Amino acid sequence: FGYGLSYGHFSYQNLRLSSNEMKLGDSIEVQVEISNNGRMAGVEVAQLYIQDLFGSITRPIRELKGFQRVHLNVGETKTITFQLDSKDLAFYNRKMEFVTEPGAFKLWVGGDSNATLETSFHVIKASNI
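No experiment lies behind these values; they were computed from the predicted model shown.

Calculation notes
- Position numbers for residues count from 1 along each chain, tracking the sequence in the order it is written.
- A pLDDT threshold of at least 70 governs which residues receive local features in this predicted model, and a stricter bar of 80 or more applies before side-chain atom pairs are shown or counted, although totals over entire chains, interfaces and linings include all residues.
- For side-chain calculations, the full set of non-hydrogen atoms in the structure is used, while hydrogens and water are omitted.
- Throughout this description, the term salt bridge denotes a Lys or Arg side-chain nitrogen within 4 Å of a carboxyl oxygen of Asp or Glu.
- Only runs of H or I of at least four residues qualify as helices and only runs of E of at least two qualify as strands under DSSP, and these elements are numbered from the N terminus.
- To sort residues, take the accessible area from a 1.4 Å probe on protein chains only and compare it with the maximum for the residue type: under 20% means buried, over 50% means exposed, and anything in between is partly exposed.
- Note on pairing: DSSP must find at least two bridges between two strands before they are called paired.
- We define a polar contact as two N or O atoms separated by no more than 3.5 Å, with the added condition that, inside protein, one atom must be a possible hydrogen donor and the other a possible acceptor, whereas residues neighbouring each other in sequence contribute only through side-chain atom pairs.
- The axes used here are C-alpha line fits, helices contributing only the stretch in contact, and every angle between their N-to-C directions lies in the interval 0 to 180 degrees.
- In this tally Asp and Glu are treated as negative and Lys and Arg as positive; neither His nor the chain ends contributes.

Brief notes about the pattern of salt bridges
Logical step 1: By the definition in use, this model includes 5 salt bridges.
Logical step 2: The closest approach of N and O atoms between Glu33 and Arg16, which form a salt bridge, is 4.0 Å. Here Arg16 lies in strand β1 (residues 10-17) and Glu33 lies in strand β3 (residues 27-36), a separation of 17 residues in the sequence.
Logical step 3: Taking the shortest distance from any N to any O, the salt bridge between Arg59 and Asp52 comes out at 2.9 Å.
Logical step 4: Judged by its relative accessible area of 12%, Arg59 is buried.
Logical step 5: By relative accessible area, Asp52 is classed as buried at 9%.
Logical step 6: By sharing partners, the salt bridges in this structure join Asp52, Arg59, Glu63 and Lys65 into a single network.

Concerning the pairing of β3
In summary, the side chains of a regular strand alternate between the two faces of the sheet.
Logical step 1: The buried fraction of β3 is high, at 7 of 10 residues.
Logical step 2: Across 6 bridges, the pairing between β1 and β3 is antiparallel. Across the sheet, Phe10 pairs through a bridge with Asn36, a residue of β3.
Logical step 3: In this structure, β3 lies alongside strand β6 (residues 77-85), joined through 9 bridges in antiparallel fashion. What sits directly across from Glu29, in β6, is Gln83.

Details of the side chain of Ser35
Logical step 1: Relative to the elements of secondary structure, Ser35 occurs in strand β3.
Logical step 2: Of the polar contacts made by the side chain of Ser35, one reaches the side chain of Gln13; its length is 2.9 Å.

Quick word on the sheet that holds β3
Logical step 1: The antiparallel open sheet is built from 3 strands, whose spatial order is β1-β3-β6. Two strands bound the open sheet, and with one partner strand each, they are β1 and β6. On average, adjacent strands in this sheet sit at an angle of 25° to one another, irrespective of strand direction.

Some remarks on unusual backbone geometry
Logical step 1: Phi is positive for Asn14, which is not a glycine, with a value near 55°.
Logical step 2: Within the secondary structure, Asn14 sits in strand β1.
Logical step 3: The class of Asn14 is partly exposed, set by a relative accessible area of 43%.
Logical step 4: One non-glycine residue, Met96, lies in the positive phi region at around 60°.
Logical step 5: On the basis of relative accessibility, which here comes to 60%, the residue Met96 falls in the exposed class.

Quick word on the side chain of Asp112
Logical step 1: Mapped onto the elements, Asp112 comes out in the loop between β9 (103-110) and β10 (117-124).
Logical step 2: For the buried Asp112, no salt bridge is present, and the opposite-charge side chain at shortest range is Arg62, 6.5 Å distant.
Logical step 3: For Asp112, the side chain forms a polar contact with the main-chain nitrogen of Asn114, separated by 2.7 Å.

Structure, rendered in structure tokens:
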């Protein structure tokens, strides 16, 4: 994903998570509002990135985990939703096991990989009660 050309000027606001904690095996919803502040209708590709802050191995600074094409008329605002599952956070560890580790994560949503609208969440182990 690079920097697509568009006649619209889009802004992102009101980034919300359904929860600030995700249990292993569960998911959270990520919602964000996108507005077309330009003078022409256009299509924006909204992109969701995550960063594992304390993984057992070095991970990319930003990993693309979802994207959606959104058509917006002039002055229109839409709320879009991403579903982020704990399996989406998995990676191959040193033993070449595909795992999701508990820990802290950052999340960004925007029109490219330089998105500045961010929040954070934690992945926690499910309790055995």
